[in-house]
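Chain and residue survey
The primary structure of each chain is shown beneath.
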Amino acid sequence: MRILFVAYCMIDNENGDSLIGVYKRCLRIGLELADRGHEIWIFCTGRERFHDAATTMAEGRIHFFDIRWEVLLSPSIALRRRFYRWAFRRLKPDLVVAGEVPLAGTLLESTLCAVGLRIPVVILDNAYSPELAELFVKSHGSIADGLVLTGPSLFHMHDPPPYYCAAPPFVEGSGGEADALLAQLGLRAKRLITVLGYERKAELLAAAMLPKLGECEAVFLSRQPNEDGERLAALPEAIRKNVRVLGPPAEPVLFSLLRRSSLVIGKCGFMQVSECLALGTPFIGIQYRGCFSFSLLHRRARKFVHSTTSIEADRETTRVAQRFLKTSPREMASLHNNRFGGTALVADFIERLPRTPRKETTAECERLGYSREMVQAAVERLRGGAIARVHWVRATRLRNVPGGRIDSVTALYEGDGVCRQALLWGRVYHDRAAARRDSEAAAQQDSPRRVLHRSPNGLTVIELDIGEGNLPPLDV
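Values in this document were obtained by computation on a predicted structure and should not be read as measured data. (Residues numbered from 1 in each chain as written. Predicted model: local features only at pLDDT ≥ 70, side-chain atom pairs only at ≥ 80, totals over all residues. Heavy atoms only, no water.)

1. Thoughts on the sheet that holds strand β17 (residues 451-454)
Spatial ordering of the open sheet is given by β14-β15-β16-β18-β17, a layout of five strands whose pairing is antiparallel. Among the strands making up the open sheet, the edge pair consists of β14 (389-401) and β17. The mean angle between the axes of side-by-side strands here comes to 25 degrees, regardless of whether they run parallel or antiparallel. When strand β15 (residues 404-415) meets strand β16 (residues 418-429), the two strands line up antiparallel, connected through twelve bridges. Counted as the bridge partner of R405 is V428 from β16. (Pairing = 2+ DSSP bridges. Helix = DSSP H or I, 4+ residues; strand = E, 2+ residues; numbered from the N terminus. Axes fitted to C-alpha atoms, helices over the stretch in contact; angles between N-to-C directions.)

Given below as structure tokens:
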């Protein structure tokens, strides 16, 4: 198969606000599929600023697909979409994998383009709890042919649909790979703290906390170990003698190190957090814009995580760290069934997927409020005349708004003997007051919106998709 992964990568070394998890999981799965003989392509904006062992392995084994920034940033949504269709037709992927739920940008446009070209779509994302996994399926499942949600076993939904893959964290290795490293570093792994210092804020938080935790050992993992080692030299000698700074090790060694640790300090990124929880290690994270909230996690997991927005070791964070250092892995055993191998499991799932899109999505969209008849009425209004039929409908949640939601609704229909795609938005409101406010807003003279159909009760609206620049901003 020729498989196209779509991701993004944001690096901010100055402030430490980096988002690389989506790219990393695409690389992990992509490399596994490449090793199985598949032709793998990755479309990842911002990838040129991030390099590690996985990107080095990808060189020569994975192809990279790029779209020029002047196209991606063009104010013309029509031009951008024409370019996506041209590029996808030229590449001819058998499958498109979105590295995260497609809410905006290249993820959304790639997904819509693939749907219009009848290319099966898989979405990768996170399972935070059974209830949220079930909500994810309801809100986003009808756009996709496969959903892969990753998280400890406790977090996955019960009785999932057949197109749902419950993937454990992408932890690889037998568990003892860090023993030689710890011996080489002269550490006994007693009250060991591992600091995922890839973002500077996590490093600063850990450095401020160590003097308050008593006798501990600490391993700082850094992308600039020499530079960070110089900063940590300011720690008191009694603490510094038990601190080691090194570059990121191979992943099996990293996961073994996390398992051997009594506490991990990093950023509030789901991959870091879920890996630690599955390995039986408590986690303290620095929170910043773009990170997820620990309140989303299953209530039993929240006892073993703590987040802070401050790089200062405040009283509450220090108190939690002291408690975590005394936590036994046995106390966390119920969070995960100790099954790993997620990369191979996801690759198996992708290989088993049918080469044709799912046919059940129209019925799923009807349960969301968008019947085939409503969509056909909207398309006929858009075209200014009758169409032969709507072949199928797909939808995915884009935004929650006061009193309702906005969905992307796309339909393949037959018009003038040609199969075409309609790109629409659906708005569903919970009450008539919210629907009335929306109707008044859409009717304003300066509104760019083009309403195509309203349900008889006025609570559902279908309109033309005029580009995400006209949507409310993402709440991150």
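2. Brief notes about the pattern of salt bridges
Summed over the entire model, instances satisfying the criterion amount to 28 salt bridges. Its salt-bridge partner being R188, residue E215 comes within 3.7 Å of it at the nearest N-O pair. Within this pair, whereas E215 is found in the loop between α8 (200-209) and β9 (217-221), its partner R188 is found in the loop between α7 (179-185) and β8 (192-196), the two being separated by 27 residues in sequence. Its relative accessible area of 55% is what places R188 among the exposed residues. The salt bridge partner of R454 is D438, with a shortest N-O separation of 3.9 Å. Placement of R454 in strand β17 and of D438 in helix α17 (residues 432-442) is noted, with a sequence separation of 16 residues between them. (Salt bridge = Lys/Arg side-chain N within 4 Å of Asp/Glu carboxyl O. Buried < 20%, exposed > 50% of the residue type's maximum accessible area, 1.4 Å probe, protein only.)

3. What to know about the pairing of strand β1 (residues 2-8)
Along β1, six of the seven residues are buried, which leaves the element largely enclosed by surrounding structure. Sheet topology note: the β1/strand β2 (residues 39-45) ladder contains seven bridges and is parallel. What sits directly across from L4, in β2, is W41. Bridging between β1 and strand β4 (residues 95-98) involves four bridges; their strand directions are parallel. Paired with I3 across the strands is L95, a residue of β4.

4. Describing the nonpolar core
Among the nonpolar cores identified, the biggest contains 126 residues, and L4, F5, F65, L277, L297 and I350 are the most heavily contacted of them. It is helix α1 (residues 21-35) that contributes the most residues to this core, eight residues altogether. Once you skip the residues sitting within four places of it in the chain, I350 turns out to touch M1, I3, I29, L33, L95 and V97. One finds C216, L232, V320 and L325 within the second-largest nonpolar core, a separate group that totals 23 residues. (Core = buried A, V, L, I, M, F, W, Y, C linked by side-chain atoms within 4.5 Å. Contact = heavy atoms within 4.5 Å.)

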